[in-house]
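A structural walkthrough
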Amino acid sequence: MGDVFLTLLLGALGLLLVSAGIEDARSRNIANWKNAAIALLAPAWWWANGLALWPDVATQIGVASIVFIFFIGAFAIGQMGGGDVKMLGALALWLPVQPLIYMLVLMSLVGGALTIVMVADRWTQLSGGLRKLPWRTIAPILAAAAAAVALVYSSRLSVARALLGQPIATAIVAMALVTGLGVLLLVGARAARKRGIVPETPYGVAIAISALLVLREPILNQFT
């Protein structure tokens, strides 16, 4: 019965994420009820996994609060939408610290990739072809993203396995990846603005994709 309940909770979360991602892609908006549903299902997830009120649930709420407050800053400077911030805060109620960091790294990578695709599409429309794209700027961004994905996903490299097995090292690697990619994206955004293109990242899509990637093992494990 417990496994069935966990499966139902994960299935509900997965459906909410897919729905939110589709909505954000279409309208750059995420309905409040979807984020509220993700947050309100979290206590059921804690109970089903046997989390104690102290320190487990308290830690989960504390980390989620920190994530929410941090990304309110991104909202304040116009880098993220309100629905995106609420969605991150709600998801942080579900994920322990290390998977949460992993998700944020993936969100940055996916968000960066989506931004590049959208800017490149607009750039080609204005310039008339792929040859006009600023490949000297795009190539380092793609290389950095590919290297980050390879590091995060590699289970064969002993160095990657050792790093990703340590919470502190994971946090350092995550911040380095996010910072490096952020700098490259700022360079690309500056070049795009010179062409009259204002990059708009669909972070709701990036959050949904990264969360589903992080949750893929728990979801699949329910059927093994």
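Before reading on, note that the structure itself is shown above.
What counts as what
Residues numbered from 1 in each chain as written. Predicted model: local features only at pLDDT ≥ 70, side-chain atom pairs only at ≥ 80, totals over all residues. Heavy atoms only, no water. Helix = DSSP H or I, 4+ residues; strand = E, 2+ residues; numbered from the N terminus. Buried < 20%, exposed > 50% of the residue type's maximum accessible area, 1.4 Å probe, protein only. Contact = heavy atoms within 4.5 Å. Areas by Shrake-Rupley, 256 points an atom, 1.4 Å probe, with all protein chains shown as cover. Salt bridge = Lys/Arg side-chain N within 4 Å of Asp/Glu carboxyl O. Axes fitted to C-alpha atoms, helices over the stretch in contact; angles between N-to-C directions. Parallel < 35°, antiparallel > 145°, perpendicular 65-115°, else oblique. Left-handed = near helix turned anticlockwise from the far one by under 90°. Nonpolar A, V, L, I, M, F, W, Y, C, P; charged D, E, K, R; others polar.

Here we come to the overall build of the protein chain. For the protein chain, the count of helices and strands is nine helices and zero strands. Listing every helix and strand of the protein chain by position from the N terminus yields α-α-α-α-α-α-α-α-α. When the 224 residues of the protein chain are sorted by exposure, 38% land in the buried category. Sequence-distant contacts, at least 24 apart, represent 74% of the contacts inside the protein chain between residues at least 6 apart. With the model as given, the accessible surface of the protein chain reaches about 12,500 Å², and the carbon-plus-sulfur share is 69%.

Take unusual backbone geometry next. Of the consecutive residues W54 and P55, the connecting peptide bond is found in the cis state with omega at 5°. When you line up the elements, P55 lands in helix α3 (residues 53-76). Positioned with a positive phi, R28 is a non-glycine residue whose angle comes to about 55°. Structurally, R28 is set in the loop between α1 (2-27) and α2 (32-48).

Time to look at the pattern of salt bridges. In this structure the tally under the stated criterion is one salt bridge. In this structure, K34 engages E23 in a salt bridge whose closest nitrogen and oxygen atoms are separated by 2.9 Å. Of the two residues, K34 sits in helix α2 while E23 sits in helix α1, which places them 11 residues apart along the sequence. The same class applies to K34 and to E23, which are both buried.

Two elements in contact, α2 and helix α4 (residues 82-92), have axes separated by 8 Å at closest approach and are oriented at 15°. Judged by the angle between their axes, α2 and α4 are roughly parallel. Here α2 and α4 pass one another in a crossing that is left-handed. Note on element contacts: α4 touches α2 through G83, K86, M87, A90 and L91, opposite N32, N35, I38 and A39. Counted by class, the contact of α2 with α4 contains five nonpolar, three polar and one charged residues.

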